[in-house]
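Spelled out from the first residue to the last, the chains are:
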Amino acid sequence: MHVFVTGASGWIGSATVDELLAAGHEVVGLARSDASAAAIEAKGARVRRGDLDDLDAIRQGAESADAVIHLANKHDFDNPAVSNRAERAAVQTIADVLSGSGRPFLLASGLAFPAPGGPLTEEDRSPAHGPDSPRGGSENLALEYAERGVNTVSVRYAATVHGDGDHGFVAALVAIARARGVAGYVGDGANRWPAVHLSDAARVTRLGLEKAPAGTVLHAVGEQGVPTREMAEAIGRGLGLPAVSIAPQDAAEHFGWISRFYALDVHATSARTQELLGWTPSGPSLIQDLEAGYYFRT
């Protein structure tokens, strides 16, 4: 397939492009900078210049593709409304182009909401509806297009997609620990974060493109939930710092923007995804990656 990928030079996107090319697909990646364009071309993919606000470039990329994988996000945690509006507009643009075509449209979503009474499953629907909700309610918006002739598939990535080179949430926690002199967790640290290794996340994305029917929700989850206290203790060992409890009322001041995620208790299963795709997570665990020392290089 000829696949148009937004976020193609990003953390998950870069690994996904490698997966797609290795499987024989042709890839065109959206690139907003010369550096991003060079990174995409170095892999053997082609480039379309533009960014998440360039809806014309996104529209043209979708029009000329057999399938679209949307992984780009502004991740502006200081101004979430900006990220939410941009995400919704991009998803709306892609879905409108693909409407009635039966072509696959995979989009990135998240697992930042708990399920009452047990682990979050692929059957649990996101509570985010409308442009002012997290990610602009893009998952629910895109899934509506499954009834309009779009092979929509939502891939919910674990809160922590980890590995060598990760600059996301775990890297942010390491930076905070360095700055504060302690590796903190909120309260008793029993709250959990689901996790997945980058290689497994990329494989789910590629398999979802090839196998998942319209309206499917996939969970890119390798570990259902890693207690945040265990994460903090591993960070503390890596930095030679104590792991300490931060009172919930002090979490925002101590952790900043990441506190609203770090205090959540989210655990999720990927059993249905594994059965549907024939996928078994095989990468290292989050604690193994922390113990490997990747996150503590200076």
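All of the points below concern the structure found in this document. Keep in mind the model is a prediction, meaning the values are calculated, not measured.

### Comments concerning helix 3 (residues 55-63)
- Ala57, Ile58, Gly61 and Ala62 are the residues of helix 3 that are buried. Taken around the axis of helix 3, the buried residues stretch over an arc of 130°, which confines them to a single face.
- Against strand 1 (2-6), strand 2 (26-31), strand 3 (46-49), strand 4 (67-70) and helix 4 (80-98) lie the buried residues of helix 3.

### A few points about the pattern of salt bridges
- Under the counting rule described, the total for this entry stands at 15 salt bridges.
- Ionic pairing is found between arginine 180 and glutamate 253, a salt bridge with its closest N-O pair at 3.3 Å. Placement of arginine 180 in helix 6 (residues 169-180) and of glutamate 253 in helix 9 (residues 251-255) is noted, with a sequence separation of 73 residues between them.
- Put simply, arginine 206 and glutamate 210 hold a salt bridge, and the shortest N to O gap is 3.0 Å. Placement of the pair is arginine 206 and glutamate 210 together in helix 7 (residues 198-211), with a separation of four residues, close to one helical turn.
- Overall, the relative accessible area of 17% leaves arginine 206 in the buried class.
- Residues participating in the shared-partner salt-bridge network are Glu19, Arg206 and Glu210.

### Focus: the packing of helix 6 against helix 8 (residues 228-239)
- Contact pair helix 6 / helix 8: the axes reach a minimum separation of 10 Å and the direction vectors enclose 55°. As judged from the angle between their axes, helix 6 and helix 8 are oblique. For the element pair helix 6 and helix 8, the recorded crossing hand is right-handed. Here helix 6 contributes Val170, Leu173, Val174, Ala177 and Arg178 to the contact with helix 8, which in turn contributes Met231, Ile235 and Leu239.

### Quick word on the sheet that holds strand 11 (residues 223-227)
- Across the sheet, three strands lie side by side as 7-9-11; this open sheet has mixed pairing. A single partner strand is all that each edge strand has here, and the edge strands are strand 7 (160-162) and strand 11. Between one strand axis and the next, the sheet turns by 45° as a mean value, whatever way the strands run.
- Strand direction decides the pairing type here: strand 7 and strand 9 (residues 192-197), joined by three bridges, are parallel. Paired with threonine 160 across the strands is alanine 195, a residue of strand 9.

### Looking at the sheet that holds strand 1
- Here seven strands make up an open sheet; going across it, the order is 3-2-1-4-5-6-10 and the pairing parallel. The open sheet has two edge strands with one neighbour each: strand 3 and strand 10 (216-220). The mean inter-strand angle of the sheet, taken between neighbouring strand axes irrespective of direction, is 20°.
- By the bridge criterion, four bridges tie strand 1 to strand 4 in an arrangement that is parallel. Residue valine 3 lies in a different strand from strand 4, and its bridge partner there is alanine 67.
- Set on the sheet, helix 1 (residues 11-22) makes contact with strand 1, strand 2, strand 4 and strand 6 (151-157); between it and strand 2 the angle comes to about 160°.

### A short note on the packing of aromatic side chains
- Scanning all chains against the criterion turns up five aromatic pairs.
- Geometrically, the ring pair formed by phenylalanine 169 and phenylalanine 261 is stacked, given 5.2 Å between the ring centres and 25° between the ring planes. Residue phenylalanine 169 is located in helix 6, and its partner phenylalanine 261 is located in helix 10 (residues 259-262); the two are separated by 92 residues in the primary sequence.
- Put simply, the rings of Phe169, Trp193, Phe255, Trp257, Phe261 and Tyr262 touch in pairs and so form one group of aromatic residues.
- The aromatic ring of tyrosine 145 is capped on one face by arginine 148, whose charged end is 4.3 Å from the ring centroid.

Reading the values: the criteria
Residues numbered from 1 in each chain as written. Predicted model: local features only at pLDDT ≥ 70, side-chain atom pairs only at ≥ 80, totals over all residues. Heavy atoms only, no water. Buried < 20%, exposed > 50% of the residue type's maximum accessible area, 1.4 Å probe, protein only. Helix = DSSP H or I, 4+ residues; strand = E, 2+ residues; numbered from the N terminus. Arc of directions from axis to C-beta. Contact = heavy atoms within 4.5 Å. Salt bridge = Lys/Arg side-chain N within 4 Å of Asp/Glu carboxyl O. Axes fitted to C-alpha atoms, helices over the stretch in contact; angles between N-to-C directions. Parallel < 35°, antiparallel > 145°, perpendicular 65-115°, else oblique. Left-handed = near helix turned anticlockwise from the far one by under 90°. Pairing = 2+ DSSP bridges. Phe/Tyr/Trp six-rings, centres within 6.5 Å; stacked < 30°, edge-to-face > 60°. Lys NZ or Arg CZ within 6 Å of the ring centre and 35° of its normal.

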